[in-house]
Amino acid sequence: LFEIADPTADSGPMVGQVEVPIAHDETATTLYQSLKDAHLDLIRSCVPKIAAGTAPRIPQDPRRASAWQKRTPLDGIIDWETRAPYLYDWVRAQTRPYPGAFTWLDDEKIVVWRAAPVEIEGTARAGTVVAQHPEGPVVACGEGGLLLEEFESNGELAVGAVLG
C-alpha cells in the first residue's frame, strides 16, 4: 500500500506491505483472490494509522522496482514450440480474470483456460493434437504434451489437427 505522491501513481512512499505466498498450482484466478484478501487486510490495518498520522512513509528504492508494459491482445498467444511444463504455467497465468491463453485452428481462435503437462509417446510436430483423453485433447509441445482440460472451441479438436 503506497501513498500517491505524483502522477506516476506507483512511485510514492510505502505505507504498508505484506507477503502473499504463491502455491505451485496457483492460477491467475486464485492469486487474484489471495491478493484481494491481502489488500483488504492491509487496508484494515493501515487506514487507522493513516488517519492518526502515524503510518510509516518508506521511500521506494527505484533500483529494486520492476515495470511491465500494458497487456496487449497478443500477450496470451501459445507458442507450441515451448516445453509443456512452461505452457502449463503460461495457461495458469493467462486464465480468468485475464483474457486467457490462446491458439489458432485455421481461422478459429481457441482459448485455453485450464491445462496440464503430460508425457506423449513418440514425436510429433509442435501444435499437433496427438491424442484424445477423457479430460480433453493432448497437444504436442516442443517437449512433452499439454492436455487441454478446459478450452473454448466451436468444435472438437480432432487428432491430427495442427494448432498455432
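One can find the structure itself at the top, above this paragraph.
Below or above, wherever it landed, is the structure these notes cover. For clarity, every value in this text was computed on a predicted model and none was experimentally measured.

### Quick word on the nonpolar core
Okay, so step 1: Counting residues in hydrophobic clusters, the biggest one holds 20 residues, and the most contacted among them are Trp-80, Leu-146, Leu-148, Leu-157 and Leu-163.
Okay, so step 2: Looking at this core, the elements that each hand over two or more residues are helix H2 (84-94), strand E1 (101-105), strand E2 (108-118) and strand E5 (145-152).
Okay, so step 3: Excluding residues within four positions of it along the chain, Leu-163 makes contact with Trp-80, Thr-103, Trp-104, Leu-105, Gly-127, Val-129, Val-139 and Leu-157.

### A few points about the environment of Arg-114
Okay, so step 1: With respect to the helices and strands, Arg-114 occurs in strand E2.
Okay, so step 2: Given the relative accessible area of 43%, Arg-114 is considered partly exposed.
Okay, so step 3: The spatial distance from the C-alpha of Arg-114 to the C-alpha of Arg-92 is 6.8 Å, given a sequence separation of 22 residues.
Okay, so step 4: Residue contacts for Arg-114: discarding those within four places in its chain leaves Val-91, Leu-147, Leu-148, Glu-149 and Glu-150.

### With respect to the packing of aromatic side chains
Okay, so step 1: Scanning the entire structure with this criterion turns up two aromatic pairs.
Okay, so step 2: Consider the rings of Tyr-86 and Trp-90, whose centres lie 6.4 Å apart with planes at 20°: the pair is stacked. Of this pair, Tyr-86 and Trp-90 are both found in helix H2, four residues apart, which corresponds to roughly one turn of the helix.
Okay, so step 3: For Tyr-86, a relative accessible area of 42% translates into the label partly exposed.
Okay, so step 4: Taking 6.2 Å as the distance between ring centres and 90° as the angle between the ring planes, the aromatic pair formed by Phe-102 and Trp-104 counts as edge-to-face.

### Looking at the sheet that holds strand E3 (residues 129-133)
Okay, so step 1: Taking strand neighbours across the sheet as the criterion, the five strands line up as E1-E2-E5-E4-E3 in an open arrangement whose pairing is antiparallel. Two strands in the sheet have a free side with no partner beyond their single neighbour: E1 and E3. Mean inter-strand twist for the sheet, computed between neighbouring axes without regard to direction, equals 45°.
Okay, so step 2: Along the sheet, H2 makes contact with E1, E2 and E5, crossing E2 at roughly 125°.

### Some points on helix H1 (residues 28-52)
Structurally, the α-helix is built with 3.6 residues per turn, so residues lying three or four positions apart point the same way.
Okay, so step 1: For H1, which comprises 25 residues, the first-to-last C-alpha distance of 36 Å matches the rise-based estimate of 36 Å (1.5 Å per residue) to within 8%.
Okay, so step 2: The sharpest bend along H1 reaches about 30° and sits at Cys-46, with the proline Pro-48 one to four residues further on.
Okay, so step 3: Within the span of H1, buried status applies to Ala-28, Ala-38, Leu-42 and Cys-46.
Okay, so step 4: In this structure, the buried residues of H1 make contact with H2.
Okay, so step 5: Positive backbone phi, at 75°, marks Gly-53, one or two positions downstream of H1.

Conventions adopted
- Residues numbered from 1 in each chain as written.
- Predicted model: local features only at pLDDT ≥ 70, side-chain atom pairs only at ≥ 80, totals over all residues.
- Heavy atoms only, no water.
- Core = buried A, V, L, I, M, F, W, Y, C linked by side-chain atoms within 4.5 Å.
- Buried < 20%, exposed > 50% of the residue type's maximum accessible area, 1.4 Å probe, protein only.
- Helix = DSSP H or I, 4+ residues; strand = E, 2+ residues; numbered from the N terminus.
- Contact = heavy atoms within 4.5 Å.
- Phe/Tyr/Trp six-rings, centres within 6.5 Å; stacked < 30°, edge-to-face > 60°.
- Pairing = 2+ DSSP bridges.
- Axes fitted to C-alpha atoms, helices over the stretch in contact; angles between N-to-C directions.
- Expected span 1.5 Å × (residues − 1).
- Bend = angle between axes of the 7 residues up to and from the residue.

Honestly, it's all geometry; don't read function into it.
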